[in-house]
Structures are given as structure tokens and as C-alpha cells.
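Survey of secondary and tertiary structure
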Amino acid sequence: MSELEKKEAIPDSHPLEAIGISSEVVRAFDWMGFKTLTSIQEKCIPLMMDGHDVIAIAPTGTGKTLGFGIPMLEYVNLDDPCVQEVVLAPTRELAQQIADELTHLAHFIKGLKIAVIYGGQPFVKQMRALERKPQVLVATPGRLLDHMERGNIRLNAVHTMVLDEADEMLKMGFIQDVEKIIESADPNRQLVMFSATTNQDVLTVSWKYQHDPIEIVVQAEAEDKPKITQYIIESDQKQKYDHLLYLLDTDQYKRIMIFCNTKDMTARLCERLKKAGYSAECLHGDVRQSQRDKVMSGFRKGEFEILVATDVAARGIDVDDVEAVFNYDLPDKQEFYVHRIGRTGRAKRAGVSFSFVSFRDSIRMDEILRYIHMTPITLCFDDFGTLCYKEDGKPFLEGV
């Protein structure tokens, strides 16, 4: 065999092995089905491994959890029963999802224990989890502070603290809780912040508590940009439900999220869909926590196809294989539009979004379009009730 042939026969090294990640985490990375690192992972993992504080500005769906999770697991001393790694998340749903992903990542690490605590969960259950002496803790700020004040948790041995979705967490009014939690840990701990945007609160926390942080900015473009085809459907208020059924009946999409602006509309639409024979459940502010957990678990497992939700209830939901998002109501805030459609097109999958827009909604839609700097494809129904491209009148389904 020639030297050239020998060189070509040598397989490329694993992207994680090249930066010194342990074989257990490399095996888990492969076991979870990942092949390559995303941009945020390529930038963040080496910096965290070198001990730097990091402030990362990155959109959702870019692999942030593994970006901070991989170096966190590398730091854990399995012989030390103290809490060593902490992740703060703004919502219960996001905290649970982070804990689930870290648990998968730690699949081959014997003796590593992870606990998740959040409001709405029984204290007895959380105390049992804490009695197992977890080295990694994922929590919402309020409930973590509650346990700390009761003496159930001490953070004096924390090596790394991560604030995920820091902008959302601080915007929701957790800034005092977050600061108390950070101040309870060793001042020399590593502090890493992930945020979709920079606001004054994020910058203030960084300035007060981070040590010479390195900033990472990952734009939602190129391979990291969610592959979402956006559509506007011209539809009067009275026609929206029938037009929604038209698209649902095409059987093109099996994993769907539908967004409404109010709890009442969310519940009513879900009930109408169920009566019409669709497999649907809903999430809104009045749904009790035990039911919310059951609904989210069922949606992740594919037990039903359609999740109808308000913006607040859907905050932090991170399901990789949502195929289509419907804006049944246009959101009140422009950024909510981005958060909504960002539920699809994740993990390098393609997704679609549909927004029902009446004449009355057109001004609101124009404001959203100026905010996102994009022009979705406009669809309309012809006189025969067929959904067509407005530009040329061709039937929409021929192009699906």
C-alpha cells in the first residue's frame, strides 16, 4: 500500500476526541445520533474546557445544551458527592429537557447523578432526588433558592454555573434570585451565559459576576439556520378553522404545533379538533403542572400529533421533530413570532410555518415582516376552495 493509500485509509478523528473529550462522552454523542458539532459547540466546548467564562449569543435550535453539557460532564469528580455543576433555566419544561439531554450524554458515565428541580413539583420527590447526592443540578431559579434557604442545597463546591436562556430568565423577573444564587457559589467558579439576545440585564449580570468573559456570537445562518419555509395564508376570521382543517387533512404533517393568543381560544380550538377526530392536546396557563408534564411527555413520545398552546405555556418547549407550526392567531409581539416558528426546523430538519392573516391582521403582519427582514410566501384560496400560490395561482399541494 502506498503512503497516499495509507493516509486515505486512516479515518478522520472524532471531533470530540480531537479536543480531549473522554471516551464515555464520545460514545454517548454517537449513541445519541450526532455526527458533527454545530458552530456553537465548536466554539464553546474548547473555551469551557480551558476554564474561561463565556457569554454566548446564539439562536434556539443550534445545539446549546451539548455545547455546555459536554464540558460540564468532563469536569465532574465522581468521588465528590457535592453539587459541582449547575444549570439555571427559566421554565420547568426547559429545565426538564436539559436534564433529559444531560442524562443521555452521561449514559456511559458510571456513578454520575443528575437531578432536576422546579416549581410545581412535590418537595418530597425533589428531596429524594437530592438525597442521592447529585453532582449535576438543573433548576429553575425560584425553586433552587427555596431549597437553598431551607438548607437542602449548598453551592459552595460548584465548579461551573450555566445560565441558559439568560435573557428570558432575567426578563421574567428572576434577576434578584439569579444574583443570590450566583453569589452563594465560590467567586472563582466558572460562569457561562447563553442568550438569544443581549439586553441590559444580561450585560449587567455579566459585568458583575463574570471574569474576563469571552463572547461567542453564532448567527442563525448557513448550516445553523433553521430550515423553515414560511407561508402566509389570506384567511378571514370566520374561515380560519376550515382553512386549518384543509391543511391538516392533507396528512403532510404528523407533528404539529398550533399557537393561539389566549387561554380560552387554545382550549376551544383543541376541543374542536378533538371532536373532529384529530389527535390533539393543549397547554395554557390554567393547565395544572401534573397535566402539563403529562402533555409534554406525550407530545415528545408521539402519543398525539397536534399540540395547541399559548406563548407562555410553550416557553422552553424543545422538541426536535416538529414538522409544522401554525399561527392560528398572530402573536402580539414580534419576537413571539420568531420563537413560535423556531419550534420547527430544528436539528437540521426542514420545517414549515403557516400564519393565518385576515385583512384586519395585515398591519400587524407587516410589523412582523419588518422585524424578521423576510418575506414569506403568500397563499390564498381560489373560488373553488383550492389553496394556491397567490403569485401565479398554481395549486399549493403540487409543490409540497
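These numbers were taken from a predicted model, which means no experiment stands behind them. (Residues numbered from 1 in each chain as written. Predicted model: local features only at pLDDT ≥ 70, side-chain atom pairs only at ≥ 80, totals over all residues. Heavy atoms only, no water.)

Our focus in this paragraph is the overall build of the protein. Per the secondary structure count, the protein includes 16 helices and 15 strands. For the protein, whose C-alpha radius of gyration is 23 Å, the value lies close to the compact-globule estimate of 21 Å for 400 residues. Counting only C-alpha atoms, the protein reaches 70 × 70 × 40 Å along its principal axes. The contacts of the protein with a sequence gap of at least 6 include a subset with a gap of at least 24, amounting to 73%. (Helix = DSSP H or I, 4+ residues; strand = E, 2+ residues; numbered from the N terminus. Rg over C-alpha atoms; globule rule 2.2 N^0.38 Å. Contact = heavy atoms within 4.5 Å.)

Considered for burial, the residues of helix α3 (residues 39-49) that qualify are Ser39, Ile40, Gln41, Cys44, Ile45, Leu47 and Met48. The elements touched by buried residues of α3 are α2 (23-31), β1 (54-57), α4 (64-75), β5 (160-163), β6 (190-195) and β7 (214-217). Just downstream of α3 lies Gly51, where phi reads positive at about 90 degrees. (Buried < 20%, exposed > 50% of the residue type's maximum accessible area, 1.4 Å probe, protein only.)

What follows covers the packing of aromatic side chains. For the coordinates displayed, the defined rule picks out 13 aromatic pairs. Through successive ring pairs, a cluster of aromatic residues spans Tyr231, Tyr253, Phe326, Tyr328, Phe354, Phe356, Tyr389 and Phe396. (Phe/Tyr/Trp six-rings, centres within 6.5 Å; stacked < 30°, edge-to-face > 60°.)

With that settled, consider the pattern of salt bridges. For the structure shown, the criterion picks out eleven salt bridges. As a salt-bridge pair, Asp311 and Arg340 come within 2.8 Å of each other at their nearest N and O atoms. Residue Asp311 is located in helix α14 (residues 311-314), and its partner Arg340 is located in helix α15 (residues 334-341); the two are separated by 29 residues in the primary sequence. For Asp311, a relative accessible area of 17% gives the class buried. On the accessibility criterion, Arg340 (0% relative accessible area) is buried. (Salt bridge = Lys/Arg side-chain N within 4 Å of Asp/Glu carboxyl O.)

To continue, consider the sheet that holds strand β2 (residues 85-88). Strand order in this open sheet of seven strands is β3-β4-β2-β5-β6-β1-β7, and the pairing throughout is parallel. Each edge of the open sheet is held by one strand with a lone partner, namely β3 (114-117) and β7. Neighbour-to-neighbour, the strand axes of the sheet open up by a mean angle of 15 degrees, direction not taken into account. Bridging between β3 and strand β4 (residues 136-139) involves four bridges; their strand directions are parallel. Residue Ala115 lies in a different strand from β4, and its bridge partner there is Leu137. (Pairing = 2+ DSSP bridges. Axes fitted to C-alpha atoms, helices over the stretch in contact; angles between N-to-C directions.)

Structurally, Cys282 is set in strand β10 (residues 280-283). Residue class for Cys282 comes out buried when judged on its relative accessible area of 16%. On a C-alpha basis, the gap between Cys282 and Glu271 in space is 8.8 Å, while along the polypeptide they are eleven residues apart. Sequence-distant contacts of Cys282, defined by excluding residues within four places in its chain, comprise Thr266, Ala267, Cys270, Val287, Val295, Leu307 and Val308.

On to the confidence of the model for the protein. With 90% of its residues at a pLDDT of 70 or more, the protein shows a mean pLDDT of 85. Of all helices and strands in the protein, the one with the weakest mean pLDDT is helix α1 (residues 3-9) (39), whereas β2 scores best (97). Note on residues 1-11: pLDDT under 50 across the span, and one contact to partners over four residues away in sequence or across chains. (pLDDT = per-residue confidence, 0-100.)

Of all the residues in helix α7 (residues 141-149), the buried ones are Pro141, Arg143, Leu144, Leu145, His147 and Met148. In the core, the buried residues of α7 are packed alongside β2, β3, α6 (123-131), β4, α8 (166-171) and α9 (175-184). Phi turns positive one or two residues past the end of α7, at Gly151, with a value near 80 degrees.

Outside of glycine, negative phi angles account for most residues, and trans bonds account for most peptide bonds. One non-glycine residue with positive phi stands out, namely Asp212, at about 45 degrees. Within the secondary structure, Asp212 is located in the loop between α10 (200-209) and β7. A relative accessible area of 70% places Asp212 in the exposed class. Although it is not a glycine, Asp251 sits at a positive phi angle of roughly 60 degrees. With respect to the helices and strands, the residue Asp251 is situated in the loop between α11 (240-248) and β9 (256-259).

Turning our attention to the pairing of β2. The side chains of a regular strand alternate, first on one face of the sheet and then on the other. Residue alternation in β2 divides its side chains into two sets, Glu85 and Val87 and Val86 and Leu88, and both sets are buried. Here β2 runs beside β4; their pairing, made up of four bridges, is parallel. Looking at β4, one finds that Leu88 is bridged to Ala139. Bridge count for β2 against β5 is four bridges, and the pairing is parallel. In the strand pairing of β5, Glu85 is matched with Thr160.

At a minimum axis distance of 11 Å, the contact between helix α5 (residues 92-105) and helix α13 (residues 289-301) shows a crossing angle of 45 degrees. Put simply, α5 runs oblique to α13. For the crossing formed where α5 meets α13, the hand is right-handed. Listed contacts from α13 to Arg92, Glu93 and Gln97 of α5 are Gln289, Arg292, Met296 and Arg300. In the contact of α5 with α13, the residues fall into one nonpolar, two polar and four charged. (Parallel < 35°, antiparallel > 145°, perpendicular 65-115°, else oblique. Left-handed = near helix turned anticlockwise from the far one by under 90°. Nonpolar A, V, L, I, M, F, W, Y, C, P; charged D, E, K, R; others polar.)

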